[in-house]
Amino acid sequence: MDRLKRKETDFFDEEFLFRDEDGTLSWREIYGAIYQYDEDGEPVVLVGGTLMIDKRKALEQDLREAKEKAEEANRLKSAFIANMSHEIRTPLNSIVGFSSVLTMTDDMEEKKEYNQLIQHNNALLLKVVDDVLELSKLEAGDFELYPAWFCLSDLIVESAAECRMKAGGKLDVRVDKPEQDYMVELDAQYVKRILSNFLSNALKNTQSGHIDIAYSMADGGVKISVKDTGCGIPQDKLPLVFDRFEKVDSFAQGVGLGLPICKSIAESMGGTIGVASEVGVGTTFWVTLPCATAPTPQLQSEVLVDNLYS
């Protein structure tokens, strides 16, 4: 109004948030223009109005969010193509190359070495394809859980043994479990998938020291953690570790899908996942899953009794 009186403009159109007496906020648009001037050229009549534009603002917000989602999808698509082209080509080149060389040598030791390299790259290639299919299934909502009772200690010990084989004696893989073994009612396949990804990540980033696998009873469920003495993760990178195609070390092998898959599985099971790390000291990944639990001997006794009466 002051600008109109000072003749700096002859119309106005502004949007603003209006606070009602009860504190409620709503969007308004106020507009107006000088309709009549007096003999001295001073404005005397103003014509205008006010619009309630809450619906328009909500629509604008929806369009803005849709645009951001489309841009994010495009970025992820580009990242996916860039990562996959590299991660598939690298082991595939090794498989093709060593397969060709294998036919050119008669030395049994060399053949054995080439076969091991081919098998290693076969496993890498299969892991890439498996991760992509798993993530696609999770995002499509094709995720079904089949919870059943199993001994969590057995699963932990089995995963530790597999990790020791992959470490080749370079790392000490330790298990920290309660004195009393526990049975849990979960989907063992997906629990094993989360733990395997945690261990794979620890192996890639730990050159010496040890890896500790632990589990404990949490409120209404169980908490599983994997702690390593690796290079650690910078604090500014911690919020990104569960994002797709994000890798702390760009030169490290892997597509960057393992941890996002863990996060999707944990959330689908009603759990939470997290990480704590210090550069040069190590990293700890953990997951908490809600489930029914029971001490192993107690549950086995109940099963025996049920079988007897049935």
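Everything below is about the structure shown above.
Procedures and definitions
Residues numbered from 1 in each chain as written. Predicted model: local features only at pLDDT ≥ 70, side-chain atom pairs only at ≥ 80, totals over all residues. Heavy atoms only, no water. Helix = DSSP H or I, 4+ residues; strand = E, 2+ residues; numbered from the N terminus. Rg over C-alpha atoms; globule rule 2.2 N^0.38 Å. Buried < 20%, exposed > 50% of the residue type's maximum accessible area, 1.4 Å probe, protein only. Contact = heavy atoms within 4.5 Å. Areas by Shrake-Rupley, 256 points an atom, 1.4 Å probe, with all protein chains shown as cover. Lys, Arg positive; Asp, Glu negative; His and termini not counted. Charge placed at Lys NZ, Arg CZ, Asp CG, Glu CD. Phe/Tyr/Trp six-rings, centres within 6.5 Å; stacked < 30°, edge-to-face > 60°. Lys NZ or Arg CZ within 6 Å of the ring centre and 35° of its normal. Pairing = 2+ DSSP bridges. Axes fitted to C-alpha atoms, helices over the stretch in contact; angles between N-to-C directions. Parallel < 35°, antiparallel > 145°, perpendicular 65-115°, else oblique. Left-handed = near helix turned anticlockwise from the far one by under 90°. Nonpolar A, V, L, I, M, F, W, Y, C, P; charged D, E, K, R; others polar. Core = buried A, V, L, I, M, F, W, Y, C linked by side-chain atoms within 4.5 Å.

1. Some points on the overall build of the protein
Scanning the protein from terminus to terminus reveals seven helices and 11 strands. In terms of C-alpha radius of gyration, the protein reaches 31 Å, well past the compact-globule figure of 19 Å for 310 residues. Out of the 310 residues belonging to the protein, those deemed buried represent 33%. Taking as baseline every contact in the protein between residues at least 6 positions apart, the subset at least 24 positions apart corresponds to 63%. Carbon and sulfur atoms form 54% of the exposed surface of the protein, whose accessible area is close to 19,300 Å². One way to put it: in the protein the 33 positive side-chain charges average out to a point 4 Å from where the 53 negative ones average out.

2. Let's talk about the packing of aromatic side chains
For any two aromatic rings, the description comes down to two numbers: the centre-to-centre distance and the angle of the planes. As enumerated under the stated definition, the model contains three aromatic pairs in all. Three or more aromatic residues link up through ring pairs in this structure, and these residues are F198, F242 and F285. A cation sits over an aromatic face here: K57 above W27, 4.4 Å from the ring centre. A cation over a ring is seen here: K223 above W286, with NZ or CZ 5.1 Å from the ring centre.

3. Some words on the sheet that holds strand 11 (residues 293-295)
Adjacent strands of a sheet pair through backbone hydrogen bonds, lying either parallel or antiparallel. As summarised here, the arrangement of the three strands in space is 4-6-11, forming an open sheet in which the pairing is antiparallel. Single-partner strands in this sheet number two, and they are strand 4 (148-151) and strand 11. In this sheet, neighbouring strand axes are inclined to one another by 25° on average, regardless of whether the strands run parallel or antiparallel. Sitting on the sheet, helix 4 (residues 152-167) touches strand 4 and strand 6 (182-186), and the angle it makes with strand 4 is about 60°.

4. Re the sheet that holds strand 3 (residues 43-52)
Read from one edge of the open sheet, three strands run 1-2-3, paired in antiparallel fashion. Each edge of the open sheet is held by one strand with a lone partner, namely strand 1 (11-19) and strand 3. Within this sheet the neighbouring strands show an average axis-to-axis angle of 25°, counted without direction. Sheet analysis places strand 2 (residues 25-37) next to strand 3, joined by nine bridges and oriented antiparallel. Bridging from a neighbouring strand, Y31 pairs with G49 of strand 3.

5. A few points about the environment of A294
Tracing the chain through its elements places A294 in strand 11. Given the relative accessible area of 10%, A294 is considered buried. With 113 residues separating them in the primary sequence, A294 and D181 have C-alpha atoms 8.8 Å apart.

6. Thoughts on the pairing of strand 9 (residues 272-278)
The pairing of strand 9 with strand 10 (residues 282-290) spans seven bridges and is classified as antiparallel. What sits directly across from S277, in strand 10, is T283. The hairpin formed by strand 9 and strand 10 contains three residues between the paired strands, and G280 there has a positive phi angle of roughly 85°.

7. Considering the packing of helix 3 (residues 108-139) against helix 6 (residues 258-268)
Viewed as axis vectors pointing N to C, helix 3 and helix 6 meet at an angle of 30°, and their least axial separation amounts to 10 Å. Taken together, the axes of helix 3 and helix 6 are roughly parallel relative to one another. Seen along the crossing, helix 3 lies across helix 6 with a hand that is left-handed. Note on element contacts: helix 6 touches helix 3 through G258, I261, S264 and I265, opposite D131, E134, L135 and L138. The residue inventory of the contact of helix 3 with helix 6, partitioned by class, reads four nonpolar, two polar and two charged.

8. Some remarks on the environment of F198
Residue placement: F198 occurs in helix 5 (residues 188-205). Here F198 falls in the buried class, since its relative accessible area comes to 1%. When residues no more than four places from it in sequence are discounted, the contact partners of F198 are V226, L259, C262, I273, F285, W286 and V287.

9. Some thoughts on the nonpolar core
Core analysis: the largest hydrophobic core is formed by 47 residues, its most contacted members being L152, L186, V191, F198 and I224. It is helix 5 that contributes the most residues to this core, seven residues altogether. Among residues more than four places away in sequence, those in contact with L152 are Y182, V184, V191, Y215, V222 and I224.

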